[in-house]
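Chain by chain, the residues:
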Protein chains: 2
Amino acid sequence: LSLTRAHIPELPAMAALDLRRWLVALLVGSLAAVQVAGGAPWFWPPGGDDPGGCLSWRVMVEANNAKFWRAVPAPCVGYVWAYMSWGQYGRDVSSAADQIAAYASQAPAGDDGLDAWVLDIDDTCLSNLPYYQAKQFGAYDPAAFKAWASRGACPGIPAMVRLFWVLKGGGFRVFLLSGRDEEALGASTAANLAAAGFAGYDRLILRSAGYRGQSSVVFKSAERRRLAAEEYRIRGNVGDQWSDLQGDNAGDRVFKVPNPMYFVP
Amino acid sequence: LSLTRAHIPELPAMAALDLRRWLVALLVGSLAAVQVAGGAPWFWPPGGDDPGGCLSWRVMVEANNAKFWRAVPAPCVGYVWAYMSWGQYGRDVSSAADQIAAYASQAPAGDDGLDAWVLDIDDTCLSNLPYYQAKQFGAYDPAAFKAWASRGACPGIPAMVRLFWVLKGGGFRVFLLSGRDEEALGASTAANLAAAGFAGYDRLILRSAGYRGQSSVVFKSAERRRLAAEEYRIRGNVGDQWSDLQGDNAGDRVFKVPNPMYFVP
C-alpha cells in the first residue's frame, strides 16, 4: 500500500497508525453496509436474491402459470408493496406501453375507421393500488371495492394515458372494456376516466345486468364478438389479466400489463 | 451519542478523537459501499433498480409481450448471463415445476392410460445454456446449434427431471415433443435424454422431413392433433416458448418455463 499521509493533505494531524485505522474502518464499514444491504455486493447478479420466492412467484403470475390465487401469498405482501410502489412496476408498465406503441405503429390504422384497440380499465388504465395497499393486498372484497371504485378516485396509470393518446392519434378506435357493473359504477367510472386523462374514447363498455355473475372471459368475449359483428377489426387488446386476453376475438395481438395484486378468472 | 471509550474495551488505546474518526470512517465506508453495491441500501425495495430495463424486458418476454426478437438486447446480455447462471433462473424453473406438479396432483390420471402430458425438450427438459453462453446469447445460428445438439451434451434441467418422474409416477403418458430435426438429431437427442435422466417416456416426437421449414406452432399443433386422434387427453403442456403452448389441442393447462435466451416464433 503506497498511500501515505502525503497523499491526504486534508488530514494533516493523522499519524501513520491513524491512517491504518481509518482504512480498516473503511473496510469494516463497507462489509457491514454490504451485509445490511441484503447481502448484495456489486459483483452479485441482478435478482440474485429472492427470499420467499416472490420474484419467481410474480413472474409465474405474469406468464399465466400461477392461476386461481385468491390473495398475494403472505410472505410476498411486503415484496408486492415495494414492487408496486417503489418504481419497478412503473418501469414495467412503461416498457409494456412502449412495446404496444411500437407494435401499433407497425400495423397502422386504415382509413375506414374500423381498426380498433380494446383496453381494460382496472389496473390497465386506472390504478387501484391505493385501495389494495389499504387492504394489504388481501382477498377480493366486493363491497369494499365497490365503495372505492364509486369514489372515482383511481389515479390514471401514466404510461397508459400516454398509450391511449398514441392510439387515438394513430387513428384507431379505442374501446374501453371492463367487468365493472354498469348500473352501480357507470357514472363514477366515466367521471374517473375523464379526470385521469382518458377523453375521447369511442365506447365505454361495462358489464350490463345480463352478464352479472358471468366470468370475465364469457362477458368480454361476447362484447368483442359484438364489436367484430359491427365490422371492427380488433388490432390489439391490452389488459392486466389473462382473462382479458383469452376467449373469442381476442385481437391480432394481446398485451399483458403487469399486475401481481389480484387474479380474475 | 452516548457511546464512549468505556463501551469498547477491546480498543483501549483509542482516544475520544480516534473514536469519532472511527465512526465517521464507518459511515463514509458504509455510504461508499452502498454506492458501489449499485445504489441499493437495505431500505430499497427488491428489484428497485433496473438499469437498462432488463428486468422489465425479461418479464415482458415471459408474458409474451416481447415477440419476434432475434437476440438478447445488447444492454441485457450481462443481465441474462447473471440471471441464467447465478440462481434466479433455477429458482424460477423450480417454482414452475412445483406449480405444474401441484396442478397434476389436482387433476390425476385416470386408469385408461390416456391422460397425457406433453413436454418440450430444448430449455424445457434439456438445457442449452452452455451453448448460448459460448455464443454470448447472440442470434440463432442453425449450423452451430446443430453441432452443439449433436454432441448430446445438454445438461438435464434438474427441476424438470424431477417433474418428469412425478408425472410418470402419477400414471400419465409423457410425450416429448420437439422441433429438432428427426433425421439429423434423433439419435443424439435420445442419447442425451437418457443421459440426463429422462427414461421411460412414452414417445419422442421430433420434426420429420415433411415438417421442415414449418413454424413450431404448425408442426406442434399437427402432432398434438395426432395424439388427440389417438384419444389421448392432453392434460398439460409444458414449454419454454409460447409457440409450444398455442395452436390446436394445446392442453387443458399450459405452463411457460422461463427462457430469456431466445425466441422461437
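Described in the following lines is the structure provided in the data block. (Residues numbered from 1 in each chain as written. Chains lettered and ligands numbered in written order. Predicted model: local features only at pLDDT ≥ 70, side-chain atom pairs only at ≥ 80, totals over all residues. Heavy atoms only, no water.)

### Some remarks on the overall build of chain A
For chain A, the count of helices and strands is ten helices and five strands. In chain A, buried positions account for 49% of the 265 residues. Looking at chain A alone, contacts between residues at least 24 apart form 69% of all its contacts between residues at least 6 apart. About 11,700 Å² of surface is accessible on chain A, with carbon and sulfur atoms providing 60% of the total. (Helix = DSSP H or I, 4+ residues; strand = E, 2+ residues; numbered from the N terminus. Buried < 20%, exposed > 50% of the residue type's maximum accessible area, 1.4 Å probe, protein only. Contact = heavy atoms within 4.5 Å. Areas by Shrake-Rupley, 256 points an atom, 1.4 Å probe, with all protein chains shown as cover.)

### Considering the pattern of salt bridges
Residue and element names in this part refer to chain B. Per the stated rule, a full pass over the model turns up 34 salt bridges over all chains. We note a salt bridge from D181 to R212, for which the minimum N-O separation is 2.6 Å. On the criterion of sequence distance, the pair formed by D181 in strand 2 (residues 173-181) and R212 in the loop between strand 3 (203-207) and helix 9 (216-229) is long-range, its members being 31 residues apart. Relative accessible area serves as the criterion here: at 43%, R212 is assigned to the partly exposed category. (Salt bridge = Lys/Arg side-chain N within 4 Å of Asp/Glu carboxyl O.)

### A short note on the state of the cysteines
Residues and elements named next belong to chain B. In the structure shown here, the tally under the stated rule is two disulfides over all chains. In this model, C54 is linked to C76 through a disulfide, with the two sulfur atoms separated by 2.2 Å. Note on the C54 and C76 pair: the S-S dihedral is about -90°, so by sign convention the disulfide is left-handed. Placement of the pair is C54 in helix 2 (residues 54-62) and C76 in the loop between helix 2 and helix 3 (77-85), with a sequence separation of 22 residues. No difference in accessibility class separates C54 from C76, as the two residues are buried. (Disulfide = S-S within 2.5 Å.)

### Some words on the sheet that holds strand 2 of chain B
All names here are of chain B. The strand order across the open sheet built from five strands is 3-2-1-4-5, with neighbouring strands paired in parallel fashion. Two strands lie at the open edges of the sheet, namely strand 3 and strand 5 (253-256), each paired on one side alone. Across this sheet, the average inter-strand angle for adjacent strands is 20°, counted without regard to direction. Across five bridges, the pairing between strand 1 (residues 115-119) and strand 4 (residues 233-239) is parallel. Its bridge partner lying in strand 4, W117 is registered against G236. Seen against the sheet, helix 4 (residues 88-106) touches strand 1, strand 4 and strand 5 and runs at an angle of roughly 165° to strand 5. (Pairing = 2+ DSSP bridges. Axes fitted to C-alpha atoms, helices over the stretch in contact; angles between N-to-C directions.)

### Topic: the packing of helix 4 of chain B against helix 7 (residues 158-169) of chain B
Residue and element names in this part refer to chain B. Two elements in contact, helix 4 and helix 7, have axes whose closest approach is 9 Å; the angle formed by their N-to-C orientations is 10°. For the element pair helix 4 / helix 7, the angle class is roughly parallel. On the side of helix 4, the interface is formed by V93, S94, A97, D98, I100, A101 and A104, while helix 7 contributes A159, M160, R162, L163, V166 and L167. By residue class, the composition of the contact of helix 4 with helix 7 is ten nonpolar, one polar and two charged. (Parallel < 35°, antiparallel > 145°, perpendicular 65-115°, else oblique. Nonpolar A, V, L, I, M, F, W, Y, C, P; charged D, E, K, R; others polar.)

### Some points on the side chain of A:D122
Looking at the secondary structure, you find A:D122 in the loop between strand 1 (115-119) and helix 5 (129-134). Only 2.7 Å separates the side chain of A:D122 from the side chain of A:R180, close enough to count as a polar contact. (Polar contact = N/O pair within 3.5 Å; in protein donor to acceptor, adjacent residues only side chain to side chain.)

### Considering the sheet that holds strand 4 (residues 233-239) of chain A
All names here are of chain A. Across the sheet, five strands lie side by side as 3-2-1-4-5; this open sheet has parallel pairing. Two strands bound the open sheet, and with one partner strand each, they are strand 3 (203-207) and strand 5 (253-256). With strand direction ignored, the average angle separating the axes of adjacent strands in the sheet is 20°. Strand contacts of helix 8 (residues 182-196): strand 2 (173-181) and strand 3, with the helix running at about 135° to strand 2, the strand carrying the most contacts.

### Some details on the packing of aromatic side chains
Counted according to the given criterion, the structure contains 39 aromatic pairs over all chains. On the basis of an interplanar angle of 85° and a centroid distance of 5.5 Å, the ring pair of A:Y131 and A:F145 is categorised as edge-to-face. One end of the pair, A:Y131, is in helix 5; the other, A:F145, is in helix 6 (residues 142-150), with 14 residues separating them in the sequence. Above the face of the B:Y83 ring, B:R58 is positioned so that its terminal group lies 3.8 Å from the ring centre. Directly above the ring of B:Y103 sits B:R253, whose terminal nitrogen or CZ lies 5.0 Å from the centroid. (Phe/Tyr/Trp six-rings, centres within 6.5 Å; stacked < 30°, edge-to-face > 60°. Lys NZ or Arg CZ within 6 Å of the ring centre and 35° of its normal.)

### What about unusual backbone geometry?
A positive phi angle is found at A:N64, which is not glycine, with a value near 65°. For B:F137, which is not glycine, the phi dihedral falls at a positive 55°. Assignment of secondary structure puts B:F137 in the loop between helix 5 (129-134) and helix 6 (142-150).

Remember that the coordinates give geometry; whether it matters functionally is a separate question.
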